[in-house]
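Per-entry structural report
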Amino acid sequence: MQKSIERIAGDTDGISYEFPVFRFEGTDQAAPSAYLQAALHAGELPGVVAIDALMPMLTKAEAEGRLKGAITVVPWANPIGRAQYHFGEHQGRFHLGTRTNFNRGFPLLAAPDTALLPTHGTPDQQLKTRLLQLSLGHDIVLDLHCDDEGLAYLYIHTSLWPAMADCAAAMGVDAVVLWSEDSDGTFEGASIMPYQNVPADVARFDRRVATTVEYRGILDVDGAFASSDAEGLYRLFVARGVIADPALPAPGAFTGTVAPLENIDMMPAPRAGAILYDVKPGDRVAKGERLATIVHAPGEADGRTEVFAPQAGFILTRRSRRIIRAGEDLLKLVGDRKSADARSGTLED
């Protein structure tokens, strides 16, 4: 394993950002290669600790000659966001200089050719270019995130499903959300869109993996989850031939929920106030069931507004904070049918 340091120039003299990259070479050039990164939204740490638990497993496989494919690991993918604090509160989702989400604005290339990437830009744009340079060309690309409070789930492009069902099973996630359009330039979109209009021998969809991994909630950062998630990543690498481990059985069938992104209701809050949830992630709900009450005028007779399920389904995520503004999303309800407010692109900023 080799460690290198990537540096991103800041937008004023004397400022720069750096992050480590770990590379495992592998012993078989024909084996699938893998790239994984965590904390693109710099405050989302479940993936960081999962990588911390995974690294000894990769080192052991390398020492025993079982690491077949090359693996590139970026445990802290966003040094810019990691350094952003405002009045003591960490601000790792948006670049404060450009106000752009760190997981938006990635170049959507017409082909998997790093020569097509831009060569200049603001620090956050330079970071996005460098992450794509590191990841393009790998057969497996994993972007580790988390939600507010939620189940473990994957975003997967429709061109990779159901071929990626073994990956979902290996990782032990609860759900898969399928998407088909990306006009906002997410990292996942930038990882899969360059392969949509190239020859089949370049696209290699039979072995390609690209997904945003949502590891439950932002507070789910502990040793047990880290170990479990690391084991899931390891099982994926074994199932896809990156690592050889004859003792590990093949993953079974994926038994979680699979739904198109268009089935998700985000439930914007009708009023600002304090949220009293009636449901939690994983709950099954019927149409018309109460999901939450918003207390907007405490103590007054008409100071509470109830929110009801627009259709039957299950709760995928909810907010971790209990204060909300009017129009902000309360939760993700994965409905049994298309949402009346279906969104074809990214779900949230």
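Each remark here, short or long, concerns the structure printed above.
Note that the structure is predicted; figures quoted are calculated from it, not measured.

Structural notes on the sheet that holds strand S10 (residues 175-179)
Spatially, S1-S2-S4-S3-S7-S11-S9-S10-S12 is the arrangement adopted by the nine strands of the open sheet, whose pairing is mixed. Each having just a single partner strand, strand S1 (2-9) and strand S12 (257-260) make up the two edges of the open sheet. Between one strand and the next, the sheet's axes are offset by a mean angle of 20°, whatever the strand orientation. Where strand S3 (residues 34-38) meets strand S7 (residues 140-147), five bridges bridge the pair, whose relative direction is parallel. Bridge pairing links Ala34 to Ile140 in S7. Relative to S1, helix H3 (residues 123-135) is tilted by about 150°, and along the sheet it contacts S1, strand S2 (16-24), S3, strand S4 (71-74) and S7. Strand contacts of helix H7 (residues 223-239): S3, S4, S7 and strand S11 (209-217), with the helix running at about 160° to S7, the strand carrying the most contacts.

Some thoughts on the nonpolar core
Judged by nonpolar contacts, the single largest core of 61 residues is most densely connected at Leu36, Ile71 and Phe237. With seven residues, the single largest contributor to this core is helix H1 (residues 46-63). Beyond its immediate stretch of four places on either side in the chain, Ile71 contacts Phe22, Arg23, Phe24, Ala34, Leu36, Leu58, Phe237 and Val242.

Some points on the packing of H1 against H7
One way to put it is that H1 packs onto H7 with a least axis distance of 8 Å and a crossing angle of 50°. What the angle tells us is that H1 and H7 run oblique. H7 is crossed by H1, and the crossing has right-handed handedness. Residue-level contacts link Val49, Ala50, Ala53, Leu54, Met57 and Leu58 of H1 to Ala226, Ser227, Asp229, Ala230, Glu231, Leu233, Tyr234 and Phe237 of H7. Looking at the contact of H1 with H7 residue by residue, the class counts come to eleven nonpolar, one polar and two charged.

Notes on the pairing of S2
Relative to S2, S1 runs antiparallel, the two being bridged by eight bridges. Paired with Arg7 across the two strands is Glu18, which belongs to S2. Between S1 and S2, which pair antiparallel in sequence order, lie six residues; one of them, Gly14, sits at a positive phi of approximately 85°. As judged from the three bridges shared by S2 and S4, these two strands associate in the antiparallel manner.

Parameters at a glance
- Residues numbered from 1 in each chain as written.
- Predicted model: local features only at pLDDT ≥ 70, side-chain atom pairs only at ≥ 80, totals over all residues.
- Heavy atoms only, no water.
- Pairing = 2+ DSSP bridges.
- Helix = DSSP H or I, 4+ residues; strand = E, 2+ residues; numbered from the N terminus.
- Axes fitted to C-alpha atoms, helices over the stretch in contact; angles between N-to-C directions.
- Contact = heavy atoms within 4.5 Å.
- Core = buried A, V, L, I, M, F, W, Y, C linked by side-chain atoms within 4.5 Å.
- Buried < 20%, exposed > 50% of the residue type's maximum accessible area, 1.4 Å probe, protein only.
- Parallel < 35°, antiparallel > 145°, perpendicular 65-115°, else oblique.
- Left-handed = near helix turned anticlockwise from the far one by under 90°.
- Nonpolar A, V, L, I, M, F, W, Y, C, P; charged D, E, K, R; others polar.

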